[in-house]
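Each chain, written out:
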Amino acid sequence: MQEYSSQAAYDRGEAVCVIGAGASGLIAVKNLRENGFEVDCYERDTVLGGLWNPQNQHSPLYPNTHLVTSRSQTEIPDYPMPDHWPDYPSAARMLEYLKGYAAHFGLAEHIWYGSEISHIEPVEGSRFEVVVKPAAGSAARRLRYGAVIVATGHHWVPNLPSYPGQDLFRGTVLHSSQLKDGSRLRGKSVLVVGGGNSGIDIACEAAVNADRCVHSVRRGYWYLPKYLGGEPADYALARLHNRPRWIRSLLTNRILKGHRHLSARMGMEAPDHSHTDEEPIRNGRYLEHVGDGSIEHRPEIAHFEGGEVAFADGETVRPDVVVFATGYKPKIGCVPAGLLGVDGESEYPKLLARMFSPRVETLAVAGLIEPGVGVLPIVHWQTHAISHWLNIRKGDPERAANFRQQVVSESAQYEVDSTGISPRHRLAVDAEEYLAGLVRIIDTLEQEPAK
Amino acid sequence: MSLQAWVRRTRTPEPAAVEREIAVIEPADLFDFEAQDDPDASPVLCCTGDGAGAAAFGVLWLKRIAGSGRYAAAVSVRGQGNTPAAPGGVEAYVHDVVQAAIAIPRRAVLVGHGRGAAWTALAAARYPADALVLVAPQKLPKSLPKPVGDPRVLLVVSESEAQSKQTQAVTDAYGVAPLTFPGASEDVFKGPGAEGLLDAILSWLNRKD
Ligand SMILES: Cc1cc2nc3c(=O)[nH]c(=O)nc-3n(C[C@H](O)[C@H](O)[C@H](O)COP(=O)(O)OP(=O)(O)OC[C@H]3O[C@@H](n4cnc5c(N)ncnc54)[C@H](O)[C@@H]3O)c2cc1C
Ligand SMILES: NC(=O)c1ccc[n+]([C@@H]2O[C@H](COP(=O)([O-])OP(=O)(O)OC[C@H]3O[C@@H](n4cnc5c(N)ncnc54)[C@H](OP(=O)(O)O)[C@@H]3O)[C@@H](O)[C@H]2O)c1
């Protein structure tokens, strides 16, 4: 055990502790307040907005980050974005939006900045003791809460591959989150690794700024544009859900066919998964840059050799800069792993319905999910459910017990069949199925209590 | 708003964006040293079914609301006042009210008059209003949606309407008793009773319960 200050924990009674003041934390605070809870939100940085705030240290934003999900599919359900904004707002607008949300609902007064939570621990059954990491020279503060919602995000710990011979490479090696300034690519020979949205966007930046851009991916993906059939792509695809199932798959195939054909024609591997299984790539410029030769598409890296990088197909390149856009590792350092259902071999949490701790009823996580659609609305409904649950638990233990059973059975449904290739997709859910599960959970919570 | 209602909305085309006329008077604009400015009091956003739109509130309402220390705003939905007409019907009017609400710096009280009361009641099912005030409502939807965020609700009707079926339906839906005023629906903007009515609404808003 760590040494904590000897002074007794300050008891905040039934108040709820929210960890993190990114989008998920802010939405949690708002929905908890709306349900009558006292809330203290702790943010380790000095600003709100989480990864959308470039002032947040380690923010993963790169030059020209824009949303990949469209405005109507990304906005918080009860606080829409201004309707004169473009379909795909910039990171700067996203931050403006989150600041507006916090101001509108008076959230700032509940946030404690510069307060990293180093540890939480269950005490007295279902209550929590929360330890705030000490600022230089002062003692750690300890407080007690009725419940904890973790909203620390999952884009803070870079996932970095290593290849044979890489340690002898003398060029610049960066993770996508370290790029920040596009001028670092200007005039250089750039190798971008990774076929997620970061890798694709950065390859497109390099296509216009760098001297040469080579892009390496290790398998097939869905390369979709931001518009399909004259509409924002996510909206166009979501709308098809209004149709009967068989027409839907017919129409979906029809609008995706051209893009699949094009990427096949350009020699790219076919995706090994359906477009709703994991986040598709959403960038219409990518295939055009491949088409005009400003991006050279390559398979996986085989090894480094001196200043040279060799790919699985035998081709080589001499890059000045290698950008690893190879994603992030989810890490919730302040919560004992067992409380999140993390078991021996995997570092990925196993939560009930992707939000409730399997161990303690008063611990939940918001936003630890990749739904392939806008994340904020999903977090809104998650925290709506969590707040209602905490309310019922206080007032009606019998209903709470029934609800618990339902959540356990719901949860079985979101075991994603991993393609086996990449552990990264363990946070992925099919949005349609997950939302249907949330509907059932919320309906149970909002039923009139049995008389 | 239920999750299902939200899903349906995200799969329906959004009404065309229009540049909306929004009239605003803040307490500080009044140059009246007597007026109290209460930064904690929620702003008020008004909307009427009357074709004049925001202008209908200009003469009396906005000044008096601002005089009570609150940020006072009124919106003209598409086709009213100086807001250009655009298609979309009731759905689009509700969209206009919600868009006007999120443009206000803090969580607002929604006040709707006449047909505007129907739009604000629908808007309150999408936007967590601080309170919902329905003044002489007309053409309310048959089944009133549950407001989000559990706001306090005030229903204000003319004495002649106090016993009507619609009034009964609204009081049942929200579990509130109506406040009545003498005269007709248009009398809320001018005439001898208007100031008293407005003051009654403001004092209800100021009640802390
Ligand atoms: C480059 C990029 C682009 C994206 N684009 C989209 C998009 O187009 N559409 C979309 O819907 N989603 C997108 N996302 C997903 C994004 O994760 C969500 O939109 C959303 O920002 C998640 O917010 P969050 O609050 O869960 O996490 P974060 O924004 O990461 O916030 C977590 C906060 O917790 C704080 N914190 C962490 N640990 C502690 C601790 N121990 N104590 C106190 N505070 C702590 C952090 O400082 C941070 O402020 C994108 C993600 C990335 C990386
Ligand atoms: N503009 C935007 O809105 C935007 C931009 C960027 C990111 N995002 C979101 O932010 C999140 C993170 O995106 P991201 O692109 O940074 O990461 P990501 O989606 O996790 O993608 C990482 C990529 O790197 C590959 N990779 C991982 N490890 C590798 C290894 N050892 N060797 C070779 N390749 C490896 C992955 O391949 P596998 O697929 O085989 O694992 C994948 O193609 C996602 O949710 C994404 O949608 C949004």
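Preceding this paragraph is the structure being described.
Summary of the structure given here.

What counts as what
- Residues numbered from 1 in each chain as written.
- Chains lettered and ligands numbered in written order.
- Predicted model: local features only at pLDDT ≥ 70, side-chain atom pairs only at ≥ 80, totals over all residues.
- Heavy atoms only, no water.
- Helix = DSSP H or I, 4+ residues; strand = E, 2+ residues; numbered from the N terminus.
- Rg over C-alpha atoms; globule rule 2.2 N^0.38 Å.
- Buried < 20%, exposed > 50% of the residue type's maximum accessible area, 1.4 Å probe, protein only.
- Contact = heavy atoms within 4.5 Å.
- Areas by Shrake-Rupley, 256 points an atom, 1.4 Å probe, with all protein chains shown as cover.
- Lys, Arg positive; Asp, Glu negative; His and termini not counted.
- Charge placed at Lys NZ, Arg CZ, Asp CG, Glu CD.
- Near = heavy atom within 4 Å.
- Polar contact = N/O pair within 3.5 Å; in protein donor to acceptor, adjacent residues only side chain to side chain.
- Buried area = accessible area lost by both parts, 1.4 Å probe.
- Salt bridge = Lys/Arg side-chain N within 4 Å of Asp/Glu carboxyl O.
- Pairing = 2+ DSSP bridges.
- Axes fitted to C-alpha atoms, helices over the stretch in contact; angles between N-to-C directions.

## Here we look at the overall build of chain A
Thought 1: What chain A contains, in helices and strands, is ten helices and 23 strands.
Thought 2: Rg of the C-alpha trace for chain A: 23 Å, near the compact-globule value of 22 Å for 451 residues, within the 12% margin.
Thought 3: Across its three principal axes, chain A shows a C-alpha extent of roughly 65 × 60 × 45 Å.
Thought 4: A total of 451 residues make up chain A; the buried ones form 55% of that total.
Thought 5: Taking as baseline every contact in chain A between residues at least 6 positions apart, the subset at least 24 positions apart corresponds to 67%.
Thought 6: Summing over all exposed atoms, chain A offers an accessible surface of approximately 19600 Å²; the carbon and sulfur share of this is 49%.
Thought 7: Within chain A, the 55 negative side-chain charges are centred at a point lying 1 Å from the centre of the 46 positive side-chain charges.

## Overview of the site of ligand 1
Residues and elements named next belong to chain A.
Thought 1: Neighbouring ligand 1 are 28 residues; Ser24, Glu43, Trp52, Val68 and Thr69 lie closest to it.
Thought 2: Between ligand 1 and the protein, one listed contact pairs an oxygen atom with a side-chain N or O atom of His155 at 3.4 Å.
Thought 3: A distance of 2.9 Å separates an oxygen atom of ligand 1 from a polar atom in the side chain of Trp156.
Thought 4: Coverage of ligand 1 by the protein chains reaches 93% of its 990 Å² of free accessible surface.
Thought 5: Counting residues per element, the ones that place at least two in the shell around ligand 1 are helix H1 (23-34) and helix H8 (375-395).

## Thoughts on unusual backbone geometry
Thought 1: Of note, Arg354 of chain A is a non-glycine position whose phi angle comes to about 65 degrees, a positive value.
Thought 2: Following the sequence through the fold, Arg354 of chain A ends up in the loop between strand S22 (328-329) and strand S23 (363-365).
Thought 3: A positive phi angle, close to 50 degrees, is found at Lys139 of chain B, a residue other than glycine.
Thought 4: Its place among the elements puts Lys139 of chain B in the loop between strand S5 (131-135) and strand S6 (152-158).
Thought 5: Judged by relative accessible area, Lys139 of chain B falls into the exposed class, the value being 65%.

## Side note on the interface of chain A and chain B
Thought 1: At the junction of the two partners, chain A supplies 28 residues and chain B supplies 28 residues.
Thought 2: For chain A, the biggest contributors to the area lost against chain B are Asp83, His104 and Trp381 of chain A; these three give 29% of the whole.
Thought 3: A salt bridge links Glu432 of chain A to Arg11 of chain B; the shortest N-O distance between them is 2.8 Å.
Thought 4: Between the two partners, chain A and chain B, sit twelve residue pairs in polar contact (both at pLDDT 80 or more).
Thought 5: Elements supplying a minimum of two residues to the side of chain A that touches chain B: H1, helix H2 (71-74), helix H3 (91-104), helix H5 (233-239), H8 and helix H10 (431-446) of chain A.

## Some points on the pairing of strand S8 (residues 147-150) of chain A
Walk down a regular strand and you will see the side chains alternate between the two sheet faces.
Residue and element names in this part refer to chain A.
Thought 1: Every second residue of S8 is oriented toward a common face, with Ala147 and Ile149 on one face and Val148 and Val150 on the other, all of them buried.
Thought 2: Summarising the sheet, strand S2 (residues 16-19) and S8 pair through four bridges and their orientation is parallel. Bridge assignment links Cys17 to a residue of S8, and that residue is Val148.

## So, the sheet that holds S8 of chain A
Residues and elements named next belong to chain A.
Thought 1: In spatial order, the strands read S4-S3-S2-S8-S23; together these five strands make up an open sheet with parallel pairing. Looking at strand neighbours, the two that pair on one side only are strand S4 (111-112) and S23, the edges of this open sheet.
Thought 2: Inspection of the sheet shows strand S3 (residues 39-42) paired to S4 by two bridges, in the parallel sense. Counted as the bridge partner of Cys41 is Ile111 from S4.
Thought 3: Each of S2, S3, S4 and S8 is contacted by H1, which is oriented at about 165 degrees to S2, the strand it contacts most.
Thought 4: Running over the sheet, H8 touches S2, S8 and S23 and is turned about 170 degrees from S23.

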